[in-house]
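# Survey of secondary and tertiary structure
Read off the chains here:
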Amino acid sequence: MFCELHTRSAFSFLASGSQPQRMAGRAAELGMKAVALIDRDTVAGAVRFHFEAKEWGIKPIIGSEITMDDGSLLPLVPLNIGGYRNLSKLITTIKLRNKKGDHFATREDIEQHSDGLMCFTGGADGFLHRSIKNGCGQIDLAWLNFVFDKRLYVELQRHHLRHEENINQQLLGLAHKFRLPFFASNGAYYADQHDRELFDVFTCIKNHTNIYAAGKILSENSERHLKNAGQIHALFADLPEAVDITAEIADRVEFSMDELSYTFPDYPLTPGQSADSVLREKALARAHERYREAAWPIRSQVASRLEKEFRIIEMKKLAGYFLTVCDISDFCKDNKILSQGRGSAANSVVCYSLGITAVDPIQHDLLFERFLSEKYEQYPDIDIDLPSGDDREAVIQHVYKKYGRRSSGMTANVISYRGKSAVREVGKTFGFGTEVLDRLSKLNSHYEMFKGKELEKRLKEEGFDTAENFRLQKFSDLYQRILDFPRHLGQHSGGMVVSLNRLDGIVPIEPASMADRTIIQWDKDDCEALKIVKIDLLGLGMMAVLRDTITLIKEHHGVDLTLYKLPHDDDKVYDALQKGDTVGMFQVESRAQIAFLPKSKPANFYDIVVQVAIIRPGPIVGNMLHSYIKRRQGLEEVTYPHESLKPILKRTMGVPLFQEQLLKMAMDIAGFSGGEADELRRAMGFKRPDRKMEKIAQNLRDGMTKKGLPPDVQDQIVDYTKAFANYGFPESHAFSFALLAYASAYYIVHYRACFMAAMFNNYPLGFYNAATLVKDAQRHGLHFKPLDINKSDYDFKVVEENGAKKVRIGLRFVRGLREEIGKKIESERRQLTREFSDTQAGSLPSDKPYTSIADLIDRVPDINKREIRALSLAGALNFDNTVHRREALWESELAIQPEGQLFENAELRMENTEWKSTNSSFDIHHPSFLNRMEGLELVETDLRKTGISIGKHPMAFLREEMTRRGVLSAIDTQNLRRNEVVSVAGAVIIRQRPMTAKNVVFITIEDETGFANFVVMPDKFEEYRAVINQNDFLIIRGIFEERGMLKALHFTPVQDITSKVESHNFR
Amino acid sequence: MSKLFACIISPRTADHKGILVDIASRFAHSIEMLEDGVLFDVSGLERLIGRPEKVAQKIVAEVRRHKIPGSVGVATTVDSATLLARQESETEQAMHLADKFEQLPLRDLGLTQDTLNVFEDLGLHRVEDLLAIPRSELISRYGREFQNVIDTIEQKGTSLMTPNIKEDRVAWSFDLDQSVENFEQLIFVLNHGLERLLAEVNAYGFSCEYLDLDFKLKNKTEKAYEIRTSFPTLDRAFWLKLINLRVALDPPEADIISMNVVAHFTKSRPDQRGLYAVTRPEPESLLLTVNKLKKLVGRDNLGVPVLLNQRVAEPFALDADALPLGDEKGEAIGRKPIIAFSHFRPPIRAEVLIRDRQLVFVRTRDLSGHILNVSGVWKSNSRWWDQPWKTTEWDIEVENYGIYRLCKMRDEWFLVGEYD
């Protein structure tokens, strides 16, 4: 029996040609009873390898090759849990000691962490090989033998290469000398022989070369694949004992990943307390406060709901987890950080009482079982939304500080080779030049990742002929094969893992790219598989916008209008929603939402909850969206599969939308417990039918039979359940988002200036680019004040002029201006004019603002010439319109001369120019050779330098010409008759091809009057692909189909406009 | 009389260098070859042809006659003529006359991209825009060195033309009255031609290490030979022998109807001969010997072995044109012993007897014997991306003979080499 004890997977990054799962699968196919994965300085692939091997019924052995200080590798394999902890700590120690990518272990590190670890001498890049080459093999083997007493094995590898035999004979000699056991291995870098090609590609990527220039760094042959016992016996026919011992070594390994017992941190308790008692005490006290003003029917249910939840939390020993999340939530409140729990946690009264979530589950009849039940094997998931940026970072650092750097870390995110990165990397390997790479890369837009013959088709379209070109065929083949291979470990968007004991005893921790952040080597799926609790601290741009909006409203309107005090029955909000006038609003601003809102006409808060949940791929594919709209519009009768389902589905007009509804159905009509119902939801959600699903479906039928439901209805409900399980959305999650959606709508409708200022200060976020947001706000009557170095702050701000609230553009939008310089410009001015403000216009003293560009350079000396030029062109240096932008730029060219040249030229300048750039005065000569920027040129400069323009829309300058050519404006498309054919022109702000739309592309164009939406059928898109993708402004001829939508027939680029538009492109 | 310069810029200068020089030489004696065209001094032509516009039109007509794409500029300074010609020279369109200097874009003035961007933002796009700005304003912003730009746009550039077109080769050709089947029949004629040619080279004060020999053949094709030596020589007999050997190695496929020989100039050999006794073979003799060997064994089977940094079946290739070069080192270095290995080219076909999956006996045309020891099998393969290859080899010790490398290719056995 042979067991391969030394394999590498793709998680060794650029050093293997196979995924860990494939390694495990192939080992099983070859009849091995155990296989070891020993990746380089990582166990990142261990979890998926472990579970795959178990699935195949073979023993997975986990280890890691440790990089030594001389660059060689020392393979270590844990024999027991203690050994694994040592290995994990060893990797953590070496990774955290130096900056990312510069890690290595010293002999001292190995000695300190050697307990419970078995050591192999490794292959050609192994520690002992290096020692033998350096002439100190005997000394180093003696050291290894001392450190790993009776746990050291000499490894022999044969790959049909002549030069290996020399070192193998030396290794054998040393093994005999030290009486050490030796074993045979193939040092597999890939599962199948075929994968050698991918391995060679990775070698090229690693060495920044291409396959033609790589020369001898490539493999000599394709023998580093997993081999069966027969092949290995043939290779080691002279040393059969080396093969036979592999099974014994595998048997020696007692450690299994299943043993890893992760424990959530204990909550600090005083004597006599338990976590359960503290949680109960806290929740009850806070529930009293939280429900103080609730109506009696709600208040009356609080105690019983809490008791029910306490019972399950106690049973599952989760009190510590709740208290920890509560602690984070409290930290946010104490530090005035807006936070809100999302996801299924909103179903919990305990979470609501503790202040973790904002939705009252009793009032909204939310089902606790969706969050937690007796049968629920996984830990519950509590996600907390935080304002993106500093606030979120403060919370993350709080967790690090509280639990320690070695007991907490961010979850990893495995970054894989996807469309563009795969094209680029494989293309480079095949020696394609930059131009070809760009062409190949552009072929692969955001919305499509080539599969199968698609790439060859695209290549042909672009003039490459794969049939004739072997290189392109190979490129195409390897492009397909590299997809989904891991590239590196990144950070998860917010998942943090904390542990009672040292987390690095469970999983290695390594530095993240961001300062002060560390990541664990497992991603969220690995954590879930090993039942490791993750707390998601998610950054949500809209939370930051709402936070800033609330502050601005308080400042400028004197109203303390916090998020959770907003009345949910505001007519203006529903009016805007019903019209689809929702640009800037959270979750309801997308093109699809805007198209759907005028049909669904939300009239109350729950309608918004539905709105948030229904524009999702699931309901669209499941045809639930259309059914709901028709019922909403009264075009279809509201029916139920069975009368008993009416109470459950009534809220969504008989259309099942929420996972909670599925659970309730199972509980009410089949008598399932909460846990069983949730199990049903999970089982039905699996793509592959299995025995478990069949069993649960049978239980459902049995339950329904008991309740007297006829078989035909049972069939209908089972089918319904299966279909529904795939697209159902958690109602609690929809509630949490609906709260934010409503708040954003409320603030926009009532406090647009404050909201828009906050929005721009947290840009980029949302669906639209900043230019579109400005134009939409302007159409709603909001006025923007231009950039002015003496009036603009770094941030956008609200100013009052003639009783109206306006938004002053902030310096943060000036492209190329560093944040610190922008803030310095503001602080330097404020330092002098602190007693004045923008709201006291006209009272600025002449000596406090910047008087000239020279004055600016004098007071902000770190500013560079690019920044001054950018400010000039953005219009920030017009000094009360005493100069125009080009004059400012011309003057800045003089002012930014290096000092030496200034002195050198001073005399000349004084003689030849009347310009005087002094601190005391700003007397400017207006050179006749500089023309003032006007009209479209000015708008284009604004867009180029700031991304926004408060002047006319570019299309407004062409309106006369467009009208003459019979091209309509966007607003005119709202009053068309069906089948009317018209042309509309505008800036393309959206190009979208939703996965649910069967290759149909949606395009939205914008002009000075608003938006026009087009649907582009696949044949038309193919016909006009280049015109659509390569032009920012288009004239589109289309046929009017229904309100707000034209079917595109023909596309023409708009000439004469060179503005760049940032479109929401195929995302 | 004021100076006048003309410039032809063509995107296909590399392909039409000779024609462009020919055109220039019809108008001027002083010619400078540029990377993207040709510049020449046409001062004085006004008296022959007329106004500068007329001169330009003449040049344009001449260039058009040769169907070369590009543009022509004529101006009173070198810079202006070059700038004029460079506009729109990227297109493959027919010739056109560029005579609007003030309309020229600023991008060709050699400004930094940074300054160009600023000018673009200032709305300054053409030479005329810059001309409208007082020069002191420009100098105060962009320094004294901007004076050169100002001079250029004011057409006061002081750049000088550096004529660089000189003879670098001479040619001799001979059209035969009747086609000749055998090259050796032409030796006498060629001998005469070489004598004239090499004398002409000598007259220029140069020597020659590179000849182009072209035959026009009866089947309307051409046969070209490039004959190089690693040293310059005017030894006619030597060149003739070399040509003879080379043509014999790769004779023309049809009867010869004409021949053309071009001798390229090179500096004369600096080494002195005759003062001391020759301590090494004369290079001429070595080269002739090498070429004689090539004639005997074939061009592909003689040359300098060059180690390849590639995963290929044979780790070296033969460079037929290279001669052993490099520094000789006589110092003994204490290196590990390396087993020498001789490659058999071509490999020697063998018969191998296998018993119980063991190699036991081998027979070739030169040896036969029991296989005493075997190591392997050794496998190599690579170049899966273009020319896949693989080898399967054993090292065998043959009784009474030695140690050989045995290779199996498509079910046939070969001895590919021997260990020393």
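Rules and cut-offs
- Residues numbered from 1 in each chain as written.
- Chains lettered and ligands numbered in written order.
- Predicted model: local features only at pLDDT ≥ 70, side-chain atom pairs only at ≥ 80, totals over all residues.
- Heavy atoms only, no water.
- Helix = DSSP H or I, 4+ residues; strand = E, 2+ residues; numbered from the N terminus.
- Rg over C-alpha atoms; globule rule 2.2 N^0.38 Å.
- Buried < 20%, exposed > 50% of the residue type's maximum accessible area, 1.4 Å probe, protein only.
- Contact = heavy atoms within 4.5 Å.
- Areas by Shrake-Rupley, 256 points an atom, 1.4 Å probe, with all protein chains shown as cover.
- Lys, Arg positive; Asp, Glu negative; His and termini not counted.
- Charge placed at Lys NZ, Arg CZ, Asp CG, Glu CD.
- Buried area = accessible area lost by both parts, 1.4 Å probe.
- Salt bridge = Lys/Arg side-chain N within 4 Å of Asp/Glu carboxyl O.
- Polar contact = N/O pair within 3.5 Å; in protein donor to acceptor, adjacent residues only side chain to side chain.
- Nonpolar A, V, L, I, M, F, W, Y, C, P; charged D, E, K, R; others polar.
- Core = buried A, V, L, I, M, F, W, Y, C linked by side-chain atoms within 4.5 Å.
- Pairing = 2+ DSSP bridges.
- Axes fitted to C-alpha atoms, helices over the stretch in contact; angles between N-to-C directions.
- Patch = residues over 30% accessible without salt bridge, like charges linked within 9 Å, V, L, I, M, F, W, Y side chains within 5 Å.
- pLDDT = per-residue confidence, 0-100.
- 1 Å grid on protein atoms, 1.4 Å probe; cavity = no way out; pocket = protein on both sides within 12 Å on 5 of 7 lines; lining within 4 Å.
- Points joined across faces, edges and corners; volume = space filled by probe spheres on them.
- Expected span 1.5 Å × (residues − 1).
- Arc of directions from axis to C-beta.

### Some words on the overall build of chain B
Counting its regular elements, chain B contains 11 helices and 17 strands. Taken against the 2.2 N^0.38 rule, which gives 22 Å for 420 residues, the C-alpha radius of gyration of chain B at 33 Å runs more than 25% over that of a compact globule. Here chain B holds 420 residues, and the buried ones make up 43% of them. For chain B, long-range pairs separated by at least 24 residues make up 59% of all intrachain contacts whose partners lie at least 6 apart in sequence. For chain B, the accessible area works out to roughly 24,900 Å², and carbon and sulfur atoms hold 48% of it. Averaged over its 54 positive side-chain charges, chain B has a centre that lies 2 Å from the centre of its 64 negative ones.

### Some thoughts on the overall build of chain A
What chain A contains, in helices and strands, is 42 helices and 26 strands. For 1067 residues, the compact-globule formula gives about 31 Å, and the C-alpha radius of gyration of chain A, at 33 Å, lands near that figure. Each principal axis of the C-alpha distribution contributes one length, and for chain A these read about 95 × 90 × 70 Å. The buried share of chain A, taken over its 1067 residues, is 59%. In chain A, the proportion of contacts linking residues at least 24 apart, taken out of those at least 6 apart, comes to 72%. Side-chain charges in chain A split into 142 positive and 147 negative, and the spacing between the mean points of these groups amounts to 2 Å.

### Topic: the interface of chain B and chain A
Contacts between the two partners involve 37 residues from chain B, matched on the other side by 46 residues from chain A. Buried area between chain B and chain A, summed over both chains or domains, comes out near 3,800 Å², and the portion from carbon and sulfur atoms is 52%. Residue Asp395(B) pairs with Arg162(A) through a salt bridge whose shortest N-O separation is 2.8 Å. For the interface between chain B and chain A, the tally reads 22 residue pairs in polar contact (both at pLDDT 80 or more). Of all elements in the fold, only helix 5 (113–121), helix 7 (135–142), strand 14 (368–382) and strand 15 (389–398) of chain B reach the threshold of two or more residues within the side of chain B that touches chain A. Residue composition of the side of chain B that touches chain A, by class: 15 nonpolar, 9 polar and 13 charged.

### A closer look at the nonpolar core
Residue and element names in this part refer to chain A. Within the largest apolar cluster, 107 residues are counted, with the highest numbers of intra-cluster contacts made by Tyr747, Ile825 and Leu871. Take this core: its biggest share by element is 13 residues, from helix 32 (residues 731–750). Setting aside its immediate chain neighbours within four residues, Tyr747 contacts Leu546, Thr549, Ile550, Ile553, Leu561, Thr562, Leu563, Leu566, Arg752 and Phe755. Counting 70 residues, the second-largest nonpolar core is a separate cluster that includes Ala27, Ala28, Val497 and Leu530.

### A word on the sheet that holds strand 16 (residues 403–409) of chain B
Note on sheets: strands pair through backbone hydrogen bonds, and any given pair is parallel or antiparallel. All names here are of chain B. If you trace the 6 strands once around the closed barrel, you get 12-13-14-15-16-17, paired in antiparallel fashion. On average, each strand axis in the sheet is inclined to that of its neighbour by 45°, with strand direction left out of account. Across 5 bridges, strand 15 lies against strand 16 in antiparallel orientation. Bridge assignment links Glu393 to a residue of strand 16, and that residue is Cys407.

### A closer look at a nonpolar patch on the surface
Residue and element names in this part refer to chain B. Taken together, the side chains of Leu293, Leu296 and Val297 present a nonpolar region at the surface, about 290 Å² in accessible area. Checked against the element boundaries, Leu296 lands in helix 11 (residues 283–297). The class for Leu296 is exposed, based on a relative accessible area of 71%.

### With respect to helix 8 (residues 196–206) of chain A
Burial analysis of helix 8 of chain A places 10 of its 11 residues in the buried class, which makes it a mostly covered element. Taken residue by residue, helix 8 of chain A has Arg196(A), Glu197(A), Leu198(A), Phe199(A), Asp200(A), Val201(A), Phe202(A), Thr203(A), Cys204(A) and Ile205(A) as its buried positions. Looking at the buried residues of helix 8 of chain A, the elements they touch are helix 16 (419–429) and helix 19 (470–482) of chain A together with strand 14 of chain B. After helix 8 of chain A finishes, the residue His208(A) shows a positive phi value of roughly 50°.

### Quick notes on the confidence of the model for chain B
On average, residues of chain B score 84 in pLDDT, and 90% of them reach the 70 mark or higher. If you check the scores for this complex, the pTM reads 0.75 and the ipTM reads 0.71.

### A look at empty space enclosed by the protein
All names here are of chain A. What the rule picks out here adds up to 3 cavities of 30 Å³ or more. Space inside the largest cavity adds up to approximately 60 Å³. Lining the largest cavity are His6, Thr7, Arg8, Glu65, Gly123, Ala124, Asp125, Gln157, Gly187, Ala188, Tyr189 and Arg224. In terms of residue class, the lining of the largest cavity is built from 3 nonpolar, 5 polar and 4 charged. Of the pockets and cavities examined, the second largest cavity occupies roughly 40 Å³.

### Here's the deal with helix 3 (residues 52–65) of chain B
Residues and elements named next belong to chain B. With 14 residues, helix 3 extends 20 Å between its outermost C-alpha atoms, agreeing within 8% with the 20 Å of an ideal straight helix rising 1.5 Å per residue. Those residues of helix 3 not exposed but buried are Val55, Ala56, Ile59, Val60, Glu62 and Val63. All buried residues of helix 3 lie within an arc of 160° about the axis, which places them on one face of the element. Lys67 occupies a position one or two residues after helix 3 and carries a positive phi of about 55°.

### Description of the confidence of the model for chain A
Residue and element names in this part refer to chain A. Scored by pLDDT, chain A has a mean of 87; 91% of the residues are at 70 or more. Of all the helices and strands in chain A, strand 18 (residues 916–917) carries the lowest mean pLDDT, 40, while helix 33 (residues 752–761) carries the highest, 97. Segment residues 839–847: pLDDT under 50, and 8 contacts once partners within four positions in sequence are set aside and those in other chains are kept. A low-confidence stretch, residues 908–923 (pLDDT under 50), is modelled with 34 contacts involving residues beyond four sequence positions or located in other chains.

### Some thoughts on the environment of Val47(A)
If you trace the backbone, Val47(A) turns up in helix 2 (residues 46–56). Residues within four places of Val47(A) in sequence aside, it is in contact with Met257(A), Trp522(A), Asp526(A), Ala529(A) and Leu530(A).

### A word on the pattern of salt bridges
Residues and elements named next belong to chain A. Here the structure, examined in full by the defined rule, presents 89 salt bridges over all chains. Of the charged contacts, one joins Asp795 and Arg812 as a salt bridge, the two residues approaching to 2.8 Å between their closest N and O atoms. With Asp795 in the loop between strand 15 (784–785) and strand 16 (797–801) and Arg812 in the loop between strand 17 (804–808) and helix 35 (819–833), this residue pair connects regions lying 17 residues apart in the sequence. Its salt-bridge partner being Arg959, residue Asp1007 comes within 3.2 Å of it at the nearest N-O pair. Taken together, the positions of Asp1007 in strand 22 (residues 1001–1007) and Arg959 in helix 41 (residues 959–964) put the pair 48 residues apart, joining distant regions of the chain. Owing to a relative accessible area of 0%, Asp1007 belongs among the buried residues under this scheme. Ionic contacts of the salt-bridge type, sharing partners, join the residues Asp793, Lys797, Glu826, Arg829 and Arg830 into one network.

### Overview of the pairing of strand 14 (residues 534–540) of chain A
Residue and element names in this part refer to chain A. Of all the 7 residues making up strand 14, 6 are buried; the element is thus mostly covered by neighbouring parts of the structure. Across 3 bridges, the pairing between strand 11 (residues 486–498) and strand 14 is antiparallel. Paired with Met496 across the two strands is Ile535, which belongs to strand 14.

### Points about the environment of Asp420(B)
Residues and elements named next belong to chain B. Its place among the elements puts Asp420 in the segment after strand 17 (412–419). Taking the C-alpha atoms as reference points, Asp420 and Ile339, separated by 81 residues in sequence, lie 6.7 Å from one another. Asp420 has contacts with Ile339 and Ala340, leaving out every residue within four places of it along the chain.

### Quick look at the side chain of Thr229(B)
Residues and elements named next belong to chain B. Tracing the backbone shows Thr229 in the loop between strand 8 (222–228) and helix 10 (236–249). Reaching out from Thr229, the side chain makes a polar contact with the backbone oxygen of Phe231 at a distance of 2.4 Å. When near neighbours in sequence (up to four residues on either side) are disregarded, Thr229 contacts Glu209, Phe238, Trp239, Leu242 and Leu287.

### Quick notes on the sheet that holds strand 8 of chain B
All names here are of chain B. The antiparallel open sheet is built from 4 strands, whose spatial order is 6-9-7-8. Each edge of the open sheet is held by one strand with a lone partner, namely strand 6 (169–180) and strand 8. Averaged over all pairs of adjacent strands, the angle between their axes in this sheet comes to 15°, without regard to strand direction. Examined bridge by bridge, strand 6 and strand 9 (residues 256–266) share 8 bridges and lie antiparallel to one another. Paired with Arg169 across the bridge in strand 9 is His264. Sitting on the sheet, helix 9 (residues 187–203) is in contact with strand 6, strand 7 (207–217) and strand 9, with an inclination near 165° to strand 6.

### Some thoughts on the pairing of strand 4 (residues 73–78) of chain A
All names here are of chain A. Across the 6 residues of strand 4, 6 count as buried, placing the element largely inside the fold. The two faces of strand 4 match: Leu73, Pro75 and Val77 on one face and Leu74, Leu76 and Pro78 on the other face are all buried. In terms of strand pairing, strand 3 (residues 59–67) meets strand 4 through 4 bridges, oriented antiparallel. Bridged to Glu65 within strand 4 is Pro75. The hairpin turn running from strand 3 into strand 4, its antiparallel successor, is 5 residues long, and Gly71 in that turn takes a positive phi close to 90°.

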